[in-house]
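# Examination of the molecular architecture
Residues per chain are reported as follows:
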Amino acid sequence: MRYEFDGRKPNIHPEAYVSPIAHVIGDVTIGAGCYVGHGAILRGDYGSIAIGAGSAVEEGVIIHAAPEHLCAIGNSVTLGHGAVVHANRIGDFAVIGMGAVLSIWSEIGEWSIVAEGAIVKLRQVIADGMVAAGNPSTIIRPVNDNDRMMWNYGKQLYVDLAKKYLEIGMHPIPEP
């Protein structure tokens, strides 16, 4: 569902897939080739959200921005199932693991990985090309070529899935 709130309206590229059971509220921009999964909540009610092309917002993700601030999510970003994103910025090709939490005004660099369940603290910055894990999150190693190869494969799966949902859609099955 897409909602206008307080004069703020979503702007969704026609080549992006947004599940009809996701909630996109207010000032939210979603780029071409994006996938926004079932049960995701994107709240641009008093802040703004911008999601770059080819990014995946998997099922159950919550994205919100601080008042009058922008939560900028780059191109080809993966936000894993159930992540909570309240960050200022997530760089291109970053991966946020399932159940991770990015607190207010945090920043995640390009090609960085935040592990499943990690907690990125208020104003914490994860530099480009680093893997962060734990609570609170700490840098555990640099991203390597194997990480990039694996995540590029996963990112393409969601780009292709978005196209398929746009082409064939979901169809409710009547209850017996």
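First things first, this report covers the structure right here in the doc. Just so it is clear, the structure is predicted and the values come from calculations on it, not from any experiment.

### Some words on the pairing of strand β20 (residues 138-142)
- As defined by bridge partners, strand β19 (residues 130-133) adjoins β20 across four bridges and the pair is classed as antiparallel. When the sheet's bridge partners are listed, V131 is paired in β20 with R141.
- Hairpin remark: β19 followed by β20, antiparallel, with four residues in the connecting loop; positive phi at G134, about 100°.

### Some thoughts on the pattern of salt bridges
- Enumeration according to the criterion identifies six salt bridges in this entry.
- A salt bridge links R8 to D27, with the shortest nitrogen-to-oxygen separation between them at 3.9 Å. Residue R8 is located in the loop between β1 (2-3) and β2 (11-12), and its partner D27 is located in strand β4 (residues 23-30); the two are separated by 19 residues in the primary sequence.
- Between R8 and E68 there is a salt bridge whose closest N-O contact spans 3.7 Å. Taken together, the positions of R8 in the loop between β1 and β2 and E68 in the loop between β8 (62-64) and β9 (70-73) put the pair 60 residues apart, joining distant regions of the chain.
- Exposure remark for R8: the relative accessible area of 18% places this residue in the buried category.

### Some remarks on the sheet that holds strand β5 (residues 35-36)
- Pairing within the open sheet is mixed, and its eight strands lie in the order β3-β5-β7-β10-β13-β16-β19-β20. Only two strands of the sheet have a single neighbouring strand rather than two, namely β3 (17-18) and β20.
- Here β3 runs beside β5; their pairing, made up of two bridges, is parallel. What sits directly across from V18, in β5, is V36.

### A short note on the nonpolar core
- In terms of nonpolar packing, the biggest core is built from 35 residues, with I30, L42, I63, L79 and I90 touching the most fellow members.
- Only β4, β6 (41-51) and β9 provide two or more residues apiece to this core.
- Apart from the residues lying within four places of it in its own chain, the contact partners of L79 are A56, V57, E58, V61, I63, I73, V85, I90 and I96.

### Section: the pairing of β4
- Bridge count between β1 and β4: two bridges; the pairing is parallel. Bridge pairing in β4 places Y3 opposite I25.
- Pairing analysis gives two bridges linking β2 to β4, with the strands arranged parallel. Residue pairing for β4: I12 is matched across the bridge by I30.
- Direction of pairing for β4 relative to β6: parallel, over a ladder of seven bridges. Across the sheet, I30 pairs through a bridge with I51, a residue of β6.

### A few points about the packing of aromatic side chains
- By the definition in use, this model includes five aromatic pairs.
- Here Y17 and Y165 contribute two aromatic rings whose centre-to-centre distance is 4.4 Å and whose plane-to-plane angle is 20°, an arrangement assigned as stacked. Of this pair, Y17 sits in strand β3 while Y165 is found in helix α1 (residues 145-168), placing the two residues 148 residues apart along the sequence.
- Take Y17: its relative accessible area is 7%, and that puts it in the buried class.
- Of the aromatic side chains, those joined through ring pairs into one cluster are Y17, Y35, Y158 and Y165.
- Of note, R148 hangs over the ring of W111, and the distance from its end group to the ring centre comes to 5.4 Å.

What counts and how
Numbering of residues begins from 1 in every chain and follows the order in which that chain's sequence is written. Owing to the predicted nature of the model, reporting of local features is limited to residues with pLDDT of at least 70; listing and counting of side-chain atom pairs is limited to 80 or more, with chain, interface and lining totals taken over all residues. The basis for every side-chain value is the complete set of heavy atoms in the structure, and neither hydrogens nor water enter the calculation. Only when DSSP finds a minimum of two bridges between them are two strands counted as paired. Strands here mean DSSP runs of E at least two residues long; helices mean DSSP runs of H or I at least four residues long; both are numbered from the N terminus. For this document, the term salt bridge refers to a Lys or Arg side-chain nitrogen within 4 Å of an Asp or Glu carboxyl oxygen. The rule is simple: take the accessible area with a 1.4 Å probe, protein chains only, and divide by the maximum for that residue type; under 20% is buried, over 50% is exposed, in between is partly exposed. Buried Ala, Val, Leu, Ile, Met, Phe, Trp, Tyr and Cys residues that are joined via side-chain atoms within 4.5 Å together make up what is termed a nonpolar core. Contact definition: two residues touch when any of their heavy atoms are within 4.5 Å. Aromatic rings from Phe, Tyr and Trp, taking only the six-membered ring of Trp, are treated as a pair when their centres fall within 6.5 Å; an angle between ring planes under 30 degrees marks them as stacked, one over 60 as edge-to-face, and anything in between as tilted. Charges are assigned to positions over rings by a cutoff of 6 Å between ring centre and Lys NZ or Arg CZ, combined with an angular limit of 35 degrees from the ring normal.

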